[in-house]
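Breakdown of the fold
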Amino acid sequence: MKDDIKWGHFDKMRPTQIEEIKKDYPIAYLPWGAIEYHGSHNPTGLDTHKATHLCSLLAKEVGGLVFPPISLAANLIKSYPGVDFPNHSIEFSEKLIQLICEEYFEQLAEQNFKIVVLLSGHAGEPHLQILRDVARDFNKKYPHKFFWALAEFDVIPDHLLVANHSALGETSLQLYFDPETVDLTSLPKDREISLEIDAVSGEDPRPSTAEHGARIVNSFIENATDKLGGIIKNYI
């Protein structure tokens, strides 16, 4: 973090503090998460925690204001074909996700943010594509502003992280950010991990470590900062 960077959490700041940051760094960060079953070893708010922490770290590097997370998501594991995890998830309609995103973007544009970064910790489809599509439409509507909707793996090399559900990548991130919420001992020791039984899609989470989570975080911050730097040059 650079000493002269101005950033903060929007909901923890008074209006004069908000405007002091926004005049130099008119960037809004919108963490978008979910309340979703992530197996026996991870918390239901993993997607939200991940997005919120990453947005805060990015704002520390680049500047701007981090908004409270939105824990509303469509296309959760509770409705995924072929599995049976009806509990511990709160699922919303695709139509509602689109509407909330549109209304949020509209109000951020009205408040004269020049750049909006929406980081979705939930990668279910078409949930993620809905957010990307709204960003695309708003870039057309407001050509002098920029709306960037992404998932963390969009800017991280595949050897470190790919889209997954409660697997090695997400579990390592949670161990890095909030280790007391993870219980790897709850996973079986005598069989392969599966989506149908363990709600895990991706690499085996049992070797997950906070150190691997740190490597993922560092890659995200480095690459997202570089990408955002180019956007800032064009829009601020």
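The following refers to the structure shown.

Rules and cut-offs
Residues numbered from 1 in each chain as written. Predicted model: local features only at pLDDT ≥ 70, side-chain atom pairs only at ≥ 80, totals over all residues. Heavy atoms only, no water. Pairing = 2+ DSSP bridges. Helix = DSSP H or I, 4+ residues; strand = E, 2+ residues; numbered from the N terminus. Axes fitted to C-alpha atoms, helices over the stretch in contact; angles between N-to-C directions. Contact = heavy atoms within 4.5 Å. Buried < 20%, exposed > 50% of the residue type's maximum accessible area, 1.4 Å probe, protein only. Phe/Tyr/Trp six-rings, centres within 6.5 Å; stacked < 30°, edge-to-face > 60°. Lys NZ or Arg CZ within 6 Å of the ring centre and 35° of its normal. Disulfide = S-S within 2.5 Å. Right-handed = clockwise from strand over helix to strand, strands pointing away. Core = buried A, V, L, I, M, F, W, Y, C linked by side-chain atoms within 4.5 Å.

1. Quick notes on the sheet that holds strand S1 (residues 7-9)
- Here 5 strands make up an open sheet; going across it, the order is S1-S3-S2-S4-S5 and the pairing parallel. Of all the strands in the sheet, the pair left with one neighbour each is S1 and strand S5 (146-151). Recorded for the sheet is a direction-independent mean angle of 20° between the axes of neighbouring strands.
- Relative to strand S4 (residues 115-120), strand S2 (residues 27-32) runs parallel, the two sharing 6 bridges. By the bridge assignment, Tyr29 is partnered in S4 with Val117.
- Lying on the sheet, helix H2 (residues 46-62) is in contact with S1, S2, strand S3 (64-66) and S4; it crosses S2 at an angle near 165°.
- Sheet strands touched by helix H4 (residues 127-141): S2, S4 and S5. Its angle to S5, the strand with the most contacts, is close to 165°.

2. A look at the side chain of His127
- Within the secondary structure layout, His127 lies in helix H4.
- Look at His127 and you get buried, because its relative accessible area is 0%.

3. With respect to the packing of aromatic side chains
- A complete count under the given rule lists 11 aromatic pairs for this structure.
- Both rings, one in Phe146 and one in Tyr235, keep their centres 5.4 Å apart while their planes meet at 40°; by these two values the pair is tilted. Of the two residues, Phe146 sits in strand S5 while Tyr235 sits in helix H7 (residues 210-235), which places them 89 residues apart along the sequence.
- Looking at Tyr235, the relative accessible area reads 26%, which means it is partly exposed.
- Here a set of aromatic residues connected by ring pairs shows up, and it is made of Phe10, Phe67, Tyr104 and Phe113.
- Lying across the ring of Phe113, Lys22 places its NZ or CZ 5.0 Å from the centre.
- One residue, Lys227, lies across the ring of Trp148, its end atom 5.9 Å from the ring centre.

4. Details of the state of the cysteines
- Taken as a whole, this structure holds 0 disulfides when the rule is applied.
- Between Cys55, a cysteine without a disulfide, and Cys101, which holds the nearest cysteine sulfur, the sulfur-to-sulfur distance is 13 Å.
- On the basis of relative accessible area, Cys55 is assigned to the buried category, the value being 1%.
- A relative accessible area of 0% means that Cys101 is categorised as buried.

5. Some remarks on unusual backbone geometry
- Residue Pro126 follows Glu125 across a cis peptide bond; omega there is 10°.
- As for its position among the elements, Pro126 is in the loop between S4 and H4.
- The phi angle at Asn75 is positive, at roughly 60°, despite the residue not being glycine.
- Note that Asn75 resides in the loop between S3 and helix H3 (94-110).

6. Here we look at the pairing of S2
- Burial of S2 is extensive: 6 of the 6 residues sit out of reach of the surface.
- One ladder, built from 2 bridges, connects S2 with S3; its direction is parallel. Bridge pairing links Ala28 to Leu65 in S3.
- Regarding topology, H2 serves as the crossover connection from S2 to the parallel S3, and that connection is right-handed.

7. As for the nonpolar core
- Core analysis: the largest hydrophobic core is formed by 32 residues, its most contacted members being Tyr29, Leu58, Val117, Trp148, Phe220 and Leu228.
- Elements with a contribution of two residues or more to this core: S2, H2, S4, S5, helix H5 (168-177) and H7.
- Considering each element in turn, this core owes the most residues, 7 residues, to H7.
- Beyond its immediate chain neighbours, meaning those up to four positions away, Val117 contacts Ile27, Ala28, Tyr29, Leu30, Trp148, Leu150 and Leu228.

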